[in-house]
Amino acid sequence: PWRDASPSVELPATLRQLGARIERTEVRAMSWSQLQHLDGFMRRLFTDERLALKDRDGKLVSYGGKSEGASTLNMYMASDLVVKPLTKPFRCSFMELISTHAQPPKVFMSHAWKTAWWQTMRLLSFYVQQRFPDAAEDVYIWICTFANNQHDLGELIGDLMDTPFVRAIRSEGCAGTVVVLDDEVT
């Protein structure tokens, strides 16, 4: 919906074509670098005042709530306004759009979709800096919004132990879970 809305927010080439089909959802983690690039894109996209992106309730969406009366971008909005529109032509996960190969998780992220995007990124940044100060480039974080194909969530039905969530947590290289909490502890 926003591709042609603003010449100042250019759609990166990596978001215009499918990177790779990665059948196993549990190995669709995003590198810390990929998350930082996505954050930069989101920051540009949602601070451009010429864009009129609105949430489900019709409120303007902004990065960090900087616009007067704007709601704050969260994972629901990121999924609806960025992930789903960009992946729709390929019916793939966001991770498959941006990566050319499987990326097993080193960390599983547990979070609430209603937490502000900028808070999630700030908390993840703190975690990565504290836990992996000399190896941030080697950190791959499994985040459901980006790992699951938002156009086909059939994998989430059935036995919990068979879901991508559990498979990612139990995968060989996953060293643990980071729980991202906002100031309301959600």
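Residues numbered from 1 in each chain as written. Predicted model: local features only at pLDDT ≥ 70, side-chain atom pairs only at ≥ 80, totals over all residues. Heavy atoms only, no water.

What follows is about the packing of helix 1 (residues 32-47) against helix 4 (residues 117-131). When two helices pack together, their arrangement is given by the angle between the helix axes and the distance between those axes. Running from amino to carboxyl end, helix 1 crosses helix 4 at an angle of 150°, the nearest separation of the two axes being 11 Å. By the criterion of interaxial angle, the relationship of helix 1 to helix 4 is roughly antiparallel. Classified by chirality, the crossing of helix 4 by helix 1 is left-handed. Where helix 1 abuts helix 4, its residues Trp32, Leu35, Gln36, Leu38, Asp39 and Met42 lie against Trp117, Met121, Leu124, Ser125 and Val128. Considered class by class, the residues forming the contact of helix 1 with helix 4 number eight nonpolar, two polar and one charged. (Axes fitted to C-alpha atoms, helices over the stretch in contact; angles between N-to-C directions. Helix = DSSP H or I, 4+ residues; strand = E, 2+ residues; numbered from the N terminus. Parallel < 35°, antiparallel > 145°, perpendicular 65-115°, else oblique. Left-handed = near helix turned anticlockwise from the far one by under 90°. Contact = heavy atoms within 4.5 Å. Nonpolar A, V, L, I, M, F, W, Y, C, P; charged D, E, K, R; others polar.)

What follows is about the side chain of Gln119. Summarising the element assignment, Gln119 is placed in helix 4. When its relative accessible area of 19% is taken as the criterion, Gln119 is described as buried. Contact partners of Gln119, with chain neighbours within four places excluded, come to Asp182 and Asp183. (Buried < 20%, exposed > 50% of the residue type's maximum accessible area, 1.4 Å probe, protein only.)

In this section: the pattern of salt bridges. Evaluated as defined, the whole model comprises six salt bridges. Residues Arg24 and Glu26 are paired through a salt bridge, measuring 3.0 Å at the closest nitrogen-oxygen approach. Exposure remark for Glu26: the relative accessible area of 10% places this residue in the buried category. The closest approach of N and O atoms between Lys84 and Asp80, which form a salt bridge, is 3.5 Å. With a gap of four residues between them, Lys84 and Asp80 both fall in helix 2 (residues 75-87), about one helical turn apart. Under the relative-accessibility criterion, Lys84 is labelled partly exposed at 29%. (Salt bridge = Lys/Arg side-chain N within 4 Å of Asp/Glu carboxyl O.)

Further remarks concern the nonpolar core. Membership of the largest hydrophobic core comes to 47 residues, with the highest contact counts inside it found for Leu35, Phe94, Leu124, Ile141 and Phe146. Sequence-distant contacts of Phe146, defined by excluding residues within four places in its chain, comprise Met30, Leu35, Leu38, Met75, Val83, Ser93, Phe94, Met95 and Trp117. (Core = buried A, V, L, I, M, F, W, Y, C linked by side-chain atoms within 4.5 Å.)

Our focus in this paragraph is the environment of Thr115. Tracing the backbone shows Thr115 in the loop between strand 4 (107-110) and helix 4. A relative accessible area of 2% means that Thr115 is categorised as buried. Measuring from C-alpha to C-alpha, the distance between Thr115 and Met75 comes to 7.1 Å, with 40 residues separating the pair along the chain.

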